[in-house]
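These are the residues of each chain, in order.
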Amino acid sequence: MQHQESGWSVGLDIGGTKTLAVLLDPSGTPSGQVRLPTERGAEAVVDTAATAAAQLLTRADLTADDLTGIGIGLPGIVDPVGGRVEHAVNLGIESGVPLAEEVSGALAARLNGRGGSRPVPVRLENDLNAAALGAAHLRGEGGGDLAFLALGTGLAAGLVLDGRLHRGVGGAAGEIGHLVYQPGGRPCPCGQRGCLEQYASGTSLRLAWPGPGDRPAPVALFEAVAAGDEAALAVQREFADAVAAAVRVLLLTADVAHVVIGGGVSELGAPLLQVVRERLDHSARESGFLASMRMAERVDLAPHGVPVGAVGAALVGRKES
Ligand SMILES: [Zn+2]
């Protein structure tokens, strides 16, 4: 297959509710975006992916020949080598689907004559891994060491080491949400009790602080803290302690330059970063060793308003994974 090292690429971040597509120019700068609702099932996912990619190409007046490739990040178990999705429950894909090949075919059919002389290569990656690559790239640390900590429905991290994704032998590297944090604590769907995910995820926050239904639980919690609510402060402290524990695990295990916090909860922005840094500083005051690692300085937020996952997927499309 013809491979062009530094052409344009398209990245697709396919989530449970929306599909975000970004066009990356040859210099690696995002230069166009499309957002479409995600519909469930393999056929609908293929259709949406091909539609989004075709729209980006048409708007930028590019043909398929201008593309180095397309990368797709999605929440599930993927076989990056074979281009297959083995399992993606949130997308309604429950058995192996050769998604890469199907998207490539569907795009060629859509471009209808403007498809160029070859099928566009499509590569798949887990969405968290794609986001880790995107975060490293956007920070200008594409060749370095970084962990992307996603605080969403669950808690997990993606690891970029020496500029490359570290997936582990079974693809489970970074699944720190299932480290036991409180022995005998809250039950976890994984079968254990007291998993970190039960204390440091969007879901755990929602359970601990149901709050008013008109705004996201993390926002309601932080507003209550700002208004002086003691119970809210205790919930926030427990949450921040657990997130700080996740950051410590990543820094002590992989000694990455930065832990970048993303996922839905990260939309809280600076107030979230501030409480997590405060809890890291708190633990550093009790330990000269932790203090020497300057952990609070090494944690940061994913850039706001930038589709980190789609940018990372586009890098996967360029084969930079
Ligand atoms: Zn668990």
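Residues numbered from 1 in each chain as written. Predicted model: local features only at pLDDT ≥ 70, side-chain atom pairs only at ≥ 80, totals over all residues. Heavy atoms only, no water.

**Notes on the coordination of the zinc ion**
Part 1 of the reasoning: Those donors, His178 (ND1), Cys188 (SG), Cys190 (SG) and Cys195 (SG), are the protein atoms that reach the zinc ion, and they lie 2.0 to 2.3 Å from it.
Part 2 of the reasoning: Here the zinc ion is ringed by four donor atoms whose angles at the metal span 104 to 121°, and the overall shape comes out tetrahedral. (Donors = N, O, S within 2.8 Å, 3.2 Å for Na, K, Ca; no water. Tetrahedral: all angles 85-135°; square planar, octahedral: opposite > 155°, others 65-115°.)

**Brief notes about the pairing of strand E2 (residues 18–24)**
Along a regular strand, successive side chains alternate from one face of the sheet to the other.
Part 1 of the reasoning: Among the seven residues of E2, six are classified as buried, and the element is accordingly described as predominantly covered.
Part 2 of the reasoning: Both strand E1 (residues 8–14) and E2 contribute to a ladder of six bridges, which runs antiparallel. Looking across to E2, one finds that aspartate 13 is bridged to leucine 20.
Part 3 of the reasoning: Counted along the chain from E1 to the antiparallel partner E2, the turn is three residues long.
Part 4 of the reasoning: Between E2 and strand E3 (residues 30–37), which pair antiparallel in sequence order, lie five residues; one of them, glycine 28, sits at a positive phi of approximately 90°. (Buried < 20%, exposed > 50% of the residue type's maximum accessible area, 1.4 Å probe, protein only. Helix = DSSP H or I, 4+ residues; strand = E, 2+ residues; numbered from the N terminus. Pairing = 2+ DSSP bridges.)

**As for the pairing of strand E11 (residues 258–262)**
Part 1 of the reasoning: Most of E11 is tucked away, with five of its five residues classed as buried.
Part 2 of the reasoning: Across five bridges, strand E8 (residues 146–151) lies against E11 in parallel orientation. Among the inter-strand pairings, phenylalanine 148 is bridged to a residue of E11, identified as valine 260.

**Digging into the environment of arginine 294**
Part 1 of the reasoning: Tracing the sequence through the fold places arginine 294 in the loop between helix H8 (288–292) and helix H9 (295–298).
Part 2 of the reasoning: C-alpha of arginine 294 to C-alpha of valine 103: the two residues are 191 residues apart in sequence and 45 Å apart in space.
Part 3 of the reasoning: At 3.0 Å, the side chain of arginine 294 and the side chain of glutamate 297 are in polar contact. (Polar contact = N/O pair within 3.5 Å; in protein donor to acceptor, adjacent residues only side chain to side chain.)

**Digging into unusual backbone geometry**
Excluding glycine, residues mostly have negative phi values, and the peptide bonds linking residues are mostly trans.
Part 1 of the reasoning: Positive phi is not limited to glycine here, since aspartate 162 has a value of about 50°.
Part 2 of the reasoning: Take aspartate 162: it is sitting in the loop between strand E9 (155–161) and strand E10 (164–165).
Part 3 of the reasoning: Of the residues examined, aspartate 162 reaches a relative accessible area of 64% and is grouped as exposed.
Part 4 of the reasoning: With phi around 50°, aspartate 255 is a residue other than glycine that occupies positive phi space.
Part 5 of the reasoning: Relative to the helices and strands, aspartate 255 resides in the loop between helix H6 (230–254) and E11.
Part 6 of the reasoning: Residue classification places aspartate 255 among the partly exposed positions, given a relative accessible area of 47%.

**Brief notes about the domain arrangement of the chain**
Part 1 of the reasoning: Here the chain is described as being made up of domain 1 (8–130 + 308–317) and domain 2 (141–301).
Part 2 of the reasoning: A C-alpha centroid distance of 29 Å is found between domain 1 and domain 2.
Part 3 of the reasoning: With five residues of domain 1 at the interface, the matching set in domain 2 holds seven residues.
Part 4 of the reasoning: In total, about 530 Å² of surface goes out of reach between domain 1 and domain 2, with carbon and sulfur atoms giving 66% of it.
Part 5 of the reasoning: One can count one salt bridge joining domain 1 with domain 2.
Part 6 of the reasoning: Arginine 167 serves as the salt-bridge partner of glutamate 125, at 2.4 Å between the closest nitrogen and oxygen.
Part 7 of the reasoning: When grouped by side-chain class, the residues that make up the side of domain 1 that touches domain 2 number three nonpolar, one polar and one charged. (Domains from an automatic or database assignment. Contact = heavy atoms within 4.5 Å. Buried area = accessible area lost by both parts, 1.4 Å probe. Salt bridge = Lys/Arg side-chain N within 4 Å of Asp/Glu carboxyl O. Nonpolar A, V, L, I, M, F, W, Y, C, P; charged D, E, K, R; others polar.)

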